[in-house]
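# Descriptive structure summary
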Amino acid sequence: MSENATCSNIITQQEFSNRKVETLRERLGAALSESEYADRLTVVVTGSYGRREASRHSDLDYYMFFDADMPPREEIPEQLEAIEKIVSDEVPALTGDTNTFGSDAVIHFSNMLEPIGGQEDTNQSMTRRMLFLLEGDWLYNGPKFSGYRKRLLRRYIREDARPEAVPLFLLNDIIRYYRTITTDLEQKVAEQQKPWGLRDIKLRFSRKLLYFGGIIVAAELVNKTHQERLDEADRLFLMPVISRIQALSDSHHTNQILRIYDLFLAEIAQESVRDALKTVKREDRRDSQEYNRLRDLSFDFARALSDWLSERYPKEHPIHLALVF
């Protein structure tokens, strides 16, 4: 993987993210160790820190599971205040305003697990669940986090499924999530006046890579027993997406993916580029050099992902048919 040595931005941001996550784990562990609710709280990190690609400009997307029947905020205000203070100390950038993340986002795991695909499976619930699986990691209570992921995988991967088939319940929810966020971009821009340019570029790179990282886990579970599927899915989802791709293939196409993604990270880490993208509207996108440069690069990125998939899985592999039908 000689080309990987040139991916300095991936390496730099992995190291930055790892240091920050370890600091947060230490501080949260110390702050909550004496709480009577210490074993009932789990703090989950997603987003750029979960993917280990954060920069100093990144915010921190986090939410919490709480094992109790009582309304969490009424029961643990001191703990939530301590968590919020530590997070804001370490990561000053503000979390988004959707209430999906942050100190107000305290849920019971069962509320995210049970309604998959039903009327009560809101966009917020699906977002938390899929990010938990596809890019999530723990900031507090690692053992509980690991147990939750195993429970979710047992829900997605059916014991009576044919070994030669792709686990479709898992794959279909990954597809549903990706198509939902691409569609929701229009609503967020049109009705909520969210910045279009930056969101569109993130969809073309980090969100697409996240989707790809879920597809390849589903593909890797073909021709395995039920227990082997559970173990392999758990092992792969434990890795950040970039590491997952590297673990499965040491090929030219892997290097292509890393090289292009490294360029994206270099661009998006620059405050001037982020600010420029935030001002780009769909109707004036052709006037933005920053947007057009990254849009053109995103086409190469999509081709590299497609080539990787074709090389890793021969045309008779069921993942190809499952993605279309």
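Below: a short report on this structure. (Residues numbered from 1 in each chain as written. Predicted model: local features only at pLDDT ≥ 70, side-chain atom pairs only at ≥ 80, totals over all residues. Heavy atoms only, no water.)

## Section: the side chain of His57
For His57, the position within the fold is in the loop between α2 (47-50) and β2 (61-66). In contact with His57, not counting residues within four places along its chain, are Ala93, Ala269, Glu271 and Arg274. (Helix = DSSP H or I, 4+ residues; strand = E, 2+ residues; numbered from the N terminus. Contact = heavy atoms within 4.5 Å.)

## A word on unusual backbone geometry
The phi torsion at Arg52 lies on the positive side, around 60 degrees, for a residue other than glycine. Structurally, Arg52 can be placed in the loop between α2 and β2. Positive phi is not limited to glycine here, since Asn141 has a value of about 75 degrees. Relative to the elements of secondary structure, Asn141 occurs in the loop between β4 (137-140) and α7 (142-156).

## Quick look at the pattern of salt bridges
Considering all chains together, one arrives at 23 salt bridges under this definition. Ionic pairing is found between Glu267 and Arg293, a salt bridge with its closest N-O pair at 2.9 Å. With Glu267 in helix α12 (residues 252-268) and Arg293 in helix α14 (residues 289-312), this pair connects stretches of sequence that are 26 residues apart. Note on Arg293: relative accessible area 40%, which makes it partly exposed. (Salt bridge = Lys/Arg side-chain N within 4 Å of Asp/Glu carboxyl O. Buried < 20%, exposed > 50% of the residue type's maximum accessible area, 1.4 Å probe, protein only.)

## Overview of the environment of Val241
If you trace the backbone, Val241 turns up in helix α11 (residues 241-248). Since its relative accessible area comes to 3%, Val241 is described here as buried. Linking Val241 and Leu209, residues 32 residues apart in sequence, is a C-alpha distance of 7.4 Å. In contact with Val241, not counting residues within four places along its chain, are Leu134, Leu209, Leu210 and Gly213.

Geometry only, nothing functional implied.
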